[in-house]
Amino acid sequence: MSSALPPPLFAESGPAAAGGACETLSEPLSQVMTLLGKRWTGVVWSTLMQGPVYFSDLKRGIPGINDRILNERLVELVDLGLATRTVVDDRPIRVRYELTEHGAAIRPALAELTRWAQDHLQKATSTGR
């Protein structure tokens, strides 16, 4: 059984890196950090893990987010192929969002981040560090 190596966190080292300069993040890590670093994106993405949900329910489920930002984040997730948008022909017309297989594939990484936060952030908060 072959053990696959995890993808590198940093880009290939160049001559500047040998001189003590910081290395650049790998492109995939840079992309996901940029996406998750946008205000509300991680919260919206994580909330969609619960399954298909209507825009109004998402709005109620994410206290403090406004309609414009929620819509922008959802459009971005849909454009990246991480979520789908379905218009439900009801009265009134409603819009349902759901993660695609690609969008849901982040679940193990989020579970690891949650585990890390439980192990390290709570300890830092309780010790004042």
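Structure shown above.
Given the structure is predicted, the values throughout are model-derived calculations rather than measurements. (Residues numbered from 1 in each chain as written. Predicted model: local features only at pLDDT ≥ 70, side-chain atom pairs only at ≥ 80, totals over all residues. Heavy atoms only, no water.)

Caption draft 1: Inspection of the overall build of the protein chain at higher detail. The helix and strand inventory of the protein chain stands at seven helices and three strands. Moving toward the C terminus, one meets the helices and strands of the protein chain in the order α-α-α-β-α-α-β-β-α-α. When burial is assessed residue by residue, the protein chain has 26% of its 129 residues classed as buried. Roughly 9,400 Å² of accessible area belongs to the protein chain as shown, and the carbon and sulfur atoms make up 57% of that amount. (Helix = DSSP H or I, 4+ residues; strand = E, 2+ residues; numbered from the N terminus. Buried < 20%, exposed > 50% of the residue type's maximum accessible area, 1.4 Å probe, protein only. Areas by Shrake-Rupley, 256 points an atom, 1.4 Å probe, with all protein chains shown as cover.)

Caption draft 2: Spotlight on the environment of leucine 74. Relative to the helices and strands, leucine 74 is located in helix H5 (residues 67–79). When the C-alpha atoms of leucine 74 and leucine 48 are compared, they prove to be 9.9 Å apart, with 26 residues separating the residues in sequence. For leucine 74, the contacting residues outside a window of four places in its chain are Val44, Leu48, Phe55, Leu58 and Tyr97. (Contact = heavy atoms within 4.5 Å.)

Caption draft 3: View of the side chain of serine 26. Mapped onto the elements, serine 26 comes out in the loop between helix H1 (15–18) and helix H2 (27–37). Residues in contact with serine 26, not counting those within four places in the same chain, are Pro8, Leu9, Phe10 and Ala11.

Caption draft 4: View of H5. Over its 13 residues, H5 extends 18 Å from the first C-alpha to the last, a length consistent with the 18 Å expected when each residue adds 1.5 Å. Taken residue by residue, H5 has Ile69, Leu70, Arg73, Leu74, Glu76 and Leu77 as its buried positions. Around the axis of H5, the buried residues are gathered within 160° of arc, so they sit on the same side. Facing away from the buried side of H5, by more than 90 degrees, are the exposed residues Arg68 and Asp79. On the buried face of H5, the contacting elements are H2, helix H3 (41–47), helix H4 (55–61), strand E2 (83–88) and strand E3 (94–99). Of the residues flanking the start of H5, the one acting as N-cap is asparagine 66, its side-chain oxygen 3.1 Å from the backbone nitrogen of arginine 68. After H5 finishes, the residue glycine 81 shows a positive phi value of roughly 75°. (Expected span 1.5 Å × (residues − 1). Arc of directions from axis to C-beta. Polar contact = N/O pair within 3.5 Å; in protein donor to acceptor, adjacent residues only side chain to side chain.)

Caption draft 5: Highlighting unusual backbone geometry. Of the consecutive residues arginine 91 and proline 92, the connecting peptide bond is found in the cis state with omega at -5°. Although it is not a glycine, tryptophan 40 adopts a positive phi angle of roughly 80°. For tryptophan 40, the position within the fold is in the loop between H2 and H3.

Caption draft 6: Fine view of the pattern of salt bridges. Enumeration according to the criterion identifies seven salt bridges in this entry. Here glutamate 72 and arginine 73 are joined by a salt bridge, their closest N and O atoms 3.6 Å apart. The class of glutamate 72 is partly exposed, set by a relative accessible area of 33%. Residue arginine 115 pairs with glutamate 112 through a salt bridge whose shortest N-O separation is 2.2 Å. With a gap of three residues between them, arginine 115 and glutamate 112 both fall in helix H7 (residues 107–127), about one helical turn apart. Residue classification places arginine 115 among the partly exposed residues on the basis of a relative accessible area of 42%. A relative accessible area of 46% means that glutamate 112 is categorised as partly exposed. (Salt bridge = Lys/Arg side-chain N within 4 Å of Asp/Glu carboxyl O.)

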